[in-house]
Each structure stands twice: as structure tokens, then as C-alpha cells.
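# Observations on the model geometry
Listed here are the chains, written in short residue letters.
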Amino acid sequence: MDYKSAGVDIEAGYRSVELMKEHIKKTMRPEVLTDIGGFSGAFSMSRFKDMEEPVLVSGTDGVGTKLKLAFLLDRHNTVGIDCVAMCVNDIACAGGEPLFFLDYIACGKNSPEKIAQIVSGVADGCAQAGAALVGGETAEMPGFYPEDEYDLAGFAVGIADKKDMITGSGIRPGDVLLGIASSGVHSNGFSLVRKVFPMEKAALDKEYDCLGMTLGEKLLTPTKIYVKALRAVKDAGVKILGCSHITGGGFYENIPRMLPEGVRAVIRKDSYEVPAIFKMLQAEGQIEEQIMYNTFNMGIGMVLAVRPEDADAAAAALAGAGEEVYVIGETAAGEKGADLC
């Protein structure tokens, strides 16, 4: 009896690490002090010693049941981007610069090629965010996960000068709310998505003119990473008063999280075109509109609050960074919350 006969292949683990290395290299920053394969990752903070009051900002998340589509379609090179995005977007919301990322993959059977595909997506996400992939863990857990399934989660650390942090405390009635377009459903609401659409390969491989691709391709489109877009606003000299990453809970839960007491968000639903995938979801699932806006991002992945006089400059900076941006509403006096009209 040995470990391999119990279902854990140590040699496959070594092979996975070797295949990962080529992807991880492209995420390296000069502050990284360790190589992949050690017991920990080290990151120098010397570049940030001149900050007035440096603050570490962290975020952790997973991909959720969106992974079920990756299993079904046998496509594993994009879900890593989702994992990174869910963490670094939250850090960017606080005004932080993501520095490094670690991933955790738990699987029923270690297939080195599949693990390398997953990590290639993680590395792509890190490159988009400017964060180094400094380490991670692949846990082979036979009997706990089916052989062809896995879970994926991650953890990111960033930094901000305290004076530059985005807290929402300065938001007041009359400020402008800018919405940055999402790339699709992102990584939230997939338990409902999987109830609405048949989770069969034939159905997911069907092409739709309104989507411009197959249903499966659209649903697996990775979460957009907004780190560089928010940095562009800052570099343009615009102060972001508040920032909301539209994840699980949609508009109704996430937008109030950036508001101070006594301020309410007023969102105009007709301020932008809701993407076709959400219209399909609502029609196919016969989902009430309120539930849609309380579950999905509805085409808006990030909401920023800025002063009225800064709205044009912020929108121009976002457009210059390649983002689609809309004026979706404003703030008003009232109980903290969100009104959609």
C-alpha cells in the first residue's frame, strides 16, 4: 500500500508545478523575492516606504458554481481570471494597488495538464491586474471531490496610502454615479443560471445572434478586471469618492455598501442597454425584474461616485482605458439604500 494506491499521485503534483512555471513567470514583479516551489512567497515592501501611512488591503474569493460549466465544456483556462478578478476588484474598490496573489486548487484527481490550464488563467488575471502570482496550493483529495471536478479560490494583498483610500465617507447628495460595463454574468448568480439554462453540452454549444457566440462561451466569459481602469481615473487627477463592485447581491446589496448614512443612490435603468444575456436569463427563467437586479450585475460591473464637476474627466479616463462607461444615476438625501427607476 502506498499514497498513489490511496488516490494521491505525488509525481503528478511535481509535474503540475513544472507546467505552471511558464505561466507564473509572466506575472513577476521586481519586489518578488522567492521562486515558485518554496514553502512561502516573499514580497519586498521597500518601494512603498515613502508612503505617508501605508495600509495593506486584502481580498479573498472563489469562482463558485460557474466552475460547473467549465467541467461540462472541458474548458479550464478562463476560470482563473474570474478567481483573480473577484479578489483584486475588491482591493481596487478600496483604492488599493494589488501586489500579489495566491491560489488554492482542490481536486479529486491531479491532472497536470488541466491544473496548468487553470493556473494559466490565474496568471492571465494577475497580469491584467499587475499582481504577482507568488504561490499557491494544489490539493489532491480523492473521495472528497469527483475525479473530474475541482474547486478554485484565491487570496490577494494590495497596498494603499491611507489618504488615498476610497471609503465612501465623502459622498453627498448630488454626486454622480458612473457605471462601468461588465463583460457578462461575471462570477455571481450561477446557481440560478444553472437552473434557467439546460446544463447540457448541446444547449451550451448553441450559437445565438444576440450573443455573437455560443451560450456556453458567453457564460464562461471571464470577469472583467477593473484595476487599471480605476488607476486611470486616479492618474487623471479625479478623486473617486466611493466605489462598488457589483457581485452577488447585484445593485440592491452592493451599491449601498459604499454609501454613508443619510445618502441614497438613485439608478436610472434606462441609462444604458442591458446586455442580451440578462434579457435571455429573465425571459427563460421568468424572473422578476427586482430579483434580476438583486442577483446579477445586469451589465454594470463597477459603480463609481464622483463630484459632478469631475464626471466628464472620470468618464474620459475610463474610456481612454478601454472601458464602456455610463452616467447611471446620482445620489440623493435619504435612508442609505438604492432606488432603481
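My aim in this report is to walk through the structure given alongside it, one point at a time. If you're wondering where the values come from, they're calculated on a predicted model, not measured in any experiment. (Residues numbered from 1 in each chain as written. Predicted model: local features only at pLDDT ≥ 70, side-chain atom pairs only at ≥ 80, totals over all residues. Heavy atoms only, no water.)

So, on to the pattern of salt bridges. Within this structure, the stated rule accounts for 21 salt bridges. The closest approach of N and O atoms between Lys-66 and Asp-82, which form a salt bridge, is 3.0 Å. Here Lys-66 is found in the loop between β1 (54-62) and α2 (67-73), whereas its partner Asp-82 is found in helix α3 (residues 79-93), with 16 residues between them in sequence. With respect to burial, Lys-66 and Asp-82 carry one shared label: buried. Between Lys-279 and Glu-273 there is a salt bridge whose closest N-O contact spans 2.3 Å. With a relative accessible area of 41%, Lys-279 lands in the partly exposed category. What makes Glu-273 exposed here is its relative accessible area of 57%. Salt bridges sharing common partners tie together Glu-52, Asp-161, Lys-163, Asp-164 and Lys-234. (Salt bridge = Lys/Arg side-chain N within 4 Å of Asp/Glu carboxyl O. Helix = DSSP H or I, 4+ residues; strand = E, 2+ residues; numbered from the N terminus. Buried < 20%, exposed > 50% of the residue type's maximum accessible area, 1.4 Å probe, protein only.)

Now for the nonpolar core. Judged by nonpolar contacts, the single largest core of 93 residues is most densely connected at Leu-219, Phe-251 and Leu-304. Among all residues touching Leu-219, those that are not within four sequence positions of it are Lys-66, Leu-69, Val-185, Phe-190, Val-193, Phe-197, Leu-204 and Ile-277. In terms of nonpolar packing, the next biggest core, distinct from the first, is built from nine residues, Phe-43, Phe-48, Leu-99 and Phe-100 among them. (Core = buried A, V, L, I, M, F, W, Y, C linked by side-chain atoms within 4.5 Å. Contact = heavy atoms within 4.5 Å.)

What follows deals with the packing of aromatic side chains. Applying the stated criterion across every chain, the model contains six aromatic pairs. Taking 5.3 Å as the distance between ring centres and 45° as the angle between the ring planes, the aromatic pair formed by Phe-43 and Phe-100 counts as tilted. Of the two residues, Phe-43 is situated in the loop between α1 (10-24) and β1 and Phe-100 in strand β2 (residues 97-107); the sequence distance between them amounts to 57 residues. Judged by relative accessible area, Phe-43 falls into the buried class, the value being 13%. (Phe/Tyr/Trp six-rings, centres within 6.5 Å; stacked < 30°, edge-to-face > 60°.)

Pairing is mixed across the open sheet formed by six strands, whose spatial order is β8-β10-β5-β11-β9-β12. Looking at the sheet topology across the chains shown, the edges are occupied by β8 (242-245) and β12 (337-340). Here the strands of the sheet are splayed against their neighbours by 25° on average, with no regard to which way each runs. Summarising the sheet, strand β9 (residues 263-267) and strand β11 (residues 325-333) pair through five bridges and their orientation is antiparallel. Pairing of Val-266 across the sheet is with Glu-330, part of β11. Here α3 sits on the sheet and contacts β8 and β10 (300-306); the angle it forms with β8, its principal contact strand, is near 165°. Each of β5 (176-181), β10 and β11 is contacted by helix α12 (residues 311-320), which is oriented at about 10° to β5, the strand it contacts most. (Pairing = 2+ DSSP bridges. Axes fitted to C-alpha atoms, helices over the stretch in contact; angles between N-to-C directions.)

What follows covers the sheet that holds β1. Pairing is mixed across the open sheet formed by four strands, whose spatial order is β1-β4-β2-β3. Looking at the sheet topology across the chains shown, the edges are occupied by β1 and β3 (132-140). Neighbour-to-neighbour, the strand axes of the sheet open up by a mean angle of 15°, direction not taken into account. Judged from the 10 bridges that link them, β2 and strand β4 (residues 150-161) form a sheet pairing that is antiparallel. From the neighbouring strand, Tyr-104 faces β4, where its bridge partner is Ala-153. The strands touched by helix α4 (residues 112-129) within the sheet are β2, β3 and β4, with β2 carrying the most contacts at an inclination of about 165°.

Turning next to the pairing of β5. Among the six residues in β5, six count as buried, and that is most of the element. Looking at chain direction, β5 and β10 are connected through six bridges and run antiparallel. By the bridge assignment, Val-176 is partnered in β10 with Val-306.

Turning our attention to the layout of surface pockets. Estimated volume of the second largest pocket: approximately 460 Å³. Considering the residues around the second largest pocket, the lining is formed by 20 residues, among which Gly-95, Gly-96, Asp-164, Arg-231 and Lys-234 are closest to the centre. Looking at the lining of the second largest pocket, the elements that each hand over two or more residues are β4 and α8 (227-235). At five residues, α8 tops the list of elements feeding residues into the lining of the second largest pocket. Its residues assigned to classes, the lining of the second largest pocket shows 10 nonpolar, two polar and eight charged. (1 Å grid on protein atoms, 1.4 Å probe; cavity = no way out; pocket = protein on both sides within 12 Å on 5 of 7 lines; lining within 4 Å. Points joined across faces, edges and corners; volume = space filled by probe spheres on them. Nonpolar A, V, L, I, M, F, W, Y, C, P; charged D, E, K, R; others polar.)

Our next topic: the packing of α3 against α4. Where α3 contacts α4, the axes come no closer than 6 Å and their chain directions differ by 40°. You can see that α3 and α4 cross each other, and the crossing is right-handed. Across the interface between the two elements, Gly-80, Ile-81, Val-84 and Val-88 from α3 touch Ile-118, Gly-121, Val-122, Asp-124, Gly-125, Cys-126, Gln-128 and Ala-129 from α4. Taken together, the residues that form the contact of α3 with α4 break down as seven nonpolar, four polar and one charged. (Left-handed = near helix turned anticlockwise from the far one by under 90°.)

So, to be careful, I would describe these as geometric facts and stop short of saying anything about function.
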